[in-house]
Amino acid sequence: HLEQWRTYLLQFVNNNRHLTLGFGIWRPLSRGSVRLSSSNPFTAPLMDPNFFGNPQDLVAMVRAISIGLKILESPYLAPYMEYSKLPVPGCEFCQTGIPLSECYSYLKCVAQTLTLTAFHSMGSNPMGNASNVQAVVDTRLRVYITNLRIVDSSVFPGVVNANTNAATMM
């Protein structure tokens, strides 16, 4: 879709009369993974964010986008806002007459096409007691099998509803 993307993005070049809406899921049910790709510490790990691995996350994202668009379609904002005339490349608008906020097939495609990370990965080395087989570190951040401490957001046993930096510094 290279040419479609070029055409799509050109409408925003030198155009300061547009806005972008961003949506996020604060408590995703999907879980990704980080695995070693080799024993060489300079080789990048294999990272799979597994976006929408749990179908409920995709449903939640489409609902959020739909609500955001309904606000833009409201009588209060509609006179001042309009959508891009071009669909996101690889996605198709629904038939004419259906508001974009109700075009769920399009919104699902957009979510799956444009989803990205905010680089707030966490939980790959969760904290817990020694009887928890998922736990990697104890409550003092000591790794169970070595004399090493991990002090980053990977020790969070769950997702936090805040910037991970603040919780990590605590």
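Provided above is the structure to which this section pertains.
These lines cover the structure that appears in this document, whether it is placed above or below. For every chain, the first residue of the written sequence is number 1, and numbering continues from 1 onward in sequence order. Selection of residues for local features in this predicted model requires a pLDDT of at least 70, selection of side-chain atom pairs for listing and counting requires 80 or more, and totals for whole chains, interfaces and linings are taken over all residues. Side-chain descriptors were evaluated using all non-hydrogen atoms of the structure, hydrogens and water having been removed beforehand.

Points about helix H2 (residues 55-73)
Item 1. Strands are runs of DSSP state E lasting at least 2 residues, helices are runs of H or I lasting at least 4, and numbering of each runs from the N terminus. What a helix should span is 1.5 Å times the count of its residues minus one. The end-to-end C-alpha distance of H2, which contains 19 residues, comes to 27 Å, matching closely the 27 Å that a straight helix rising 1.5 Å per residue would cover.
Item 2. The cut-offs for exposure are 20% and 50% of the maximum accessible area for each residue type, with area from a 1.4 Å probe on protein chains only; residues under the lower value are buried, those over the upper are exposed, and the others partly exposed. When we look at burial in H2, the residues that qualify are Asp57, Leu58, Met61, Val62, Ile65, Ser66, Gly68, Leu69 and Leu72.
Item 3. In this analysis, two residues are considered to be in contact whenever any of their non-hydrogen atoms come within 4.5 Å of each other. In this structure, the buried side of H2 is in contact with helix H3 (104-114).
Item 4. A 3.5 Å cut-off defines polar contacts: any pair of N or O atoms within that distance qualifies, except that in protein one atom must be a possible hydrogen donor and the other a possible acceptor, and neighbouring residues in sequence count only when both atoms are side-chain atoms. Measuring from the backbone nitrogen of Gln56 back to the side-chain oxygen at the start of H2 gives 2.9 Å, which picks out Asn54 as the cap.

Considering the pattern of salt bridges
Item 1. In what follows, salt bridge is the name for a side-chain nitrogen of Lys or Arg lying within 4 Å of a carboxyl oxygen of Asp or Glu. Under the counting rule described, the total for this entry stands at three salt bridges.
Item 2. For the salt bridge of Glu82 with Lys85, the shortest nitrogen-to-oxygen distance reads 2.6 Å.
Item 3. The class of Lys85 is exposed, set by a relative accessible area of 64%.

Brief notes about the state of the cysteines
Item 1. For this text, the term disulfide refers to a pair of cysteine sulfurs within 2.5 Å. Applying the stated criterion across every chain yields a total of two disulfides.
Item 2. Here Cys91 pairs with Cys109 through a disulfide, and the sulfurs are 2.1 Å apart. Since a negative S-S torsion denotes a left-handed disulfide, the Cys91-Cys109 link at about -80° is left-handed. Of this pair, Cys91 sits in the loop between H2 and H3 while Cys109 sits in helix H3, and the two are 18 residues apart along the sequence. By the burial criterion, Cys91 is buried, and Cys109 matches it.
Item 3. A sulfur-sulfur separation of 1.9 Å characterises the disulfide bridge that pairs Cys94 with Cys103. The sign of the S-S torsion, about 90°, decides the handedness of the disulfide formed by Cys94 and Cys103: right-handed.
Item 4. The exposure class assigned to Cys94 is partly exposed, which follows from its relative accessible area of 26%.

Notes on the side chain of Ser101
Item 1. Tracing the chain through its elements places Ser101 in the loop between H2 and H3.
Item 2. The class for Ser101 is buried, based on a relative accessible area of 1%.
Item 3. If we skip the residues at most four places from it in the chain, Ser101 touches Ser66, Leu69, Lys70, Glu73, Tyr83 and Leu107.

Things to note about the packing of aromatic side chains
To describe a pair of aromatic rings, you give the distance between the ring centres and the angle between the ring planes.
Item 1. For Phe, Tyr and Trp, where Trp contributes only its six-membered ring, two rings pair if their centres lie within 6.5 Å, and the inter-plane angle classes them as stacked under 30 degrees, edge-to-face over 60, or tilted in between. Counted under the stated rule, the structure contains three aromatic pairs.
Item 2. Relative to Tyr8, the ring of Trp5 has its centre 5.7 Å away and its plane inclined at 90°; by these criteria the two rings are edge-to-face. In this pair, Trp5 and Tyr8 are both assigned in helix H1 (residues 2-10), three residues apart and thus about one turn of the helix distant.
Item 3. Take Trp5: its relative accessible area is 25%, and that puts it in the partly exposed class.
Item 4. Residue classification places Tyr8 among the buried positions, given a relative accessible area of 13%.
Item 5. Geometrically, the ring pair formed by Tyr8 and Phe12 is edge-to-face, given 5.6 Å between the ring centres and 75° between the ring planes.
Item 6. Joined through ring pairs, the aromatic side chains of Trp5, Tyr8 and Phe12 make up one cluster.

Structural notes on the side chain of Asp57
Item 1. With respect to the secondary-structure elements, Asp57 resides in helix H2.
Item 2. Note that His is not counted, nor are the chain ends; the positive residues are Lys and Arg, and the negative ones are Asp and Glu. No salt bridge is formed by the buried Asp57; the nearest opposite charge belongs to Arg31, separated by 6.2 Å.
Item 3. If sequence neighbours within four positions are ignored, Asp57 has contacts with Ile25, Pro28, Leu29, Ser30 and Phe52.

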